[in-house]
Amino acid sequence: MKKVSSTIRSIIAFFISVFVVAPFGIIIINSFKTKKEAAEMGFSLPTEWNIIENYTEVVETGVLGAFWNSCIVTILSVALIITLSATAAYVLQRRGTSLTKKLTTYFVIGLIIPGQIIPTYIICNYLHLKTFVGAAMVLTAANLPLGTFLYLGALKSVPREIDEAAILDGCSSVRLFFQVIFPLLKPMTVTLFILTFMNVWNDFGTTIYFLNKSDNYTLPLTIYNFFSTHSSDWNLVFADVVIVSLPVIILYFCAQKQIMSGMTSGAVKG
């Protein structure tokens with residue numbers, strides 16, 4: 001009976017994997033085709049391979065500049081998300097007051113309630129924050145509830161006795177956190193780094209409002225370079241999507257074990 005159920009689960013997992021992988025397979029295959037063939041969006045191999053021409057043209061349209069823009073926004077956002085969510089979670093988890101419990105609830109609500117881009121845009125425009133810094137601040141605020149929630153779970157497995165021992169040794173609050181507690185949260189930090197890296201790197205909805213000049217485009221926004229009023233170069237669009245996705249895919253496959261260990265690090269209180 002166990003073998004039958006295991007076989008059924010494997011078959012279900014196989015079909016789910018096909019549904020997940022198939023769209024990306026279509027993207028890769030069509031990025032090798034000519035404009036006419038790519039417009040059909042089929043799964044067949046190209047009759048005329050156009051690999052070098054497609055990817056060369058995509059790179060020449062300013063992808064390298066967009067790559068650096070994406071790096072700036074992503075590095076700044078991820079650094080702020082990890083630092084702010086870790087420190088906030090530490091205070092909320094260690095202080096069991098009624099105020100911190102209410103604040104924890106507000107952070108959890110932030111996982112459910114979607115952000116309102118129009119009021120945010122108006123405020124940032126008034127403060128002259130339609131820049132990389134402004135976009136990073138908005139993306140940080142959007143991902144802060146997730147980071148705080150994950151760190152709250154991880155901190156439950158860190159005994160309070162460690163804090164007490166460090167304080168008795170004369171450790172200040174800042175030094176206690178960054179030199180004693182934060183290194184113990186490494187699995188969760190790696191997990192949050194990867195999750196937020198993927199969220200920020202692939203972000204389209206926020207950056208299109210704050211970085212809507214061609215010189216400020218991040219990689220996802222470069223797709224606009226291949227659309228016009230009367231036609232679309234789908235072969236170049238697919239090639240651009242592959243280039244945008246590669247850093248995230250490489251990072252995920254290199255660190256998927258850390259993601260699993262980080263997600264389960266707060267499951268049991270030690």
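Our structure is the block above this text.
Residues numbered from 1 in each chain as written. Predicted model: local features only at pLDDT ≥ 70, side-chain atom pairs only at ≥ 80, totals over all residues. Heavy atoms only, no water.

### Regarding the pattern of salt bridges
Applying the stated criterion across every chain yields a total of two salt bridges. With a closest N to O distance of 3.0 Å, K35 and D233 form a salt bridge. Placement of the pair is K35 in helix 2 (residues 35-38) and D233 in the loop between helix 10 (207-210) and helix 11 (234-254), with a sequence separation of 198 residues. Residue classification places D233 among the partly exposed positions, given a relative accessible area of 21%. Between D163 and R94 there is a salt bridge whose closest N-O contact spans 3.0 Å. Here the residue D163 occupies a position in helix 7 (residues 160-168), and R94 occupies one in helix 3 (residues 51-94), the gap between them amounting to 69 residues. Residue class for R94 comes out buried when judged on its relative accessible area of 12%. (Salt bridge = Lys/Arg side-chain N within 4 Å of Asp/Glu carboxyl O. Helix = DSSP H or I, 4+ residues; strand = E, 2+ residues; numbered from the N terminus. Buried < 20%, exposed > 50% of the residue type's maximum accessible area, 1.4 Å probe, protein only.)

### Digging into the packing of aromatic side chains
Scanning the entire structure with this criterion turns up 15 aromatic pairs. Where F193 meets F197, the ring centres are 5.9 Å apart and the plane angle is 35°; that geometry is what we call tilted. With a gap of four residues between them, F193 and F197 both fall in helix 9 (residues 186-201), about one helical turn apart. (Phe/Tyr/Trp six-rings, centres within 6.5 Å; stacked < 30°, edge-to-face > 60°.)

Treat this as a map of the structure, not an account of what it does.
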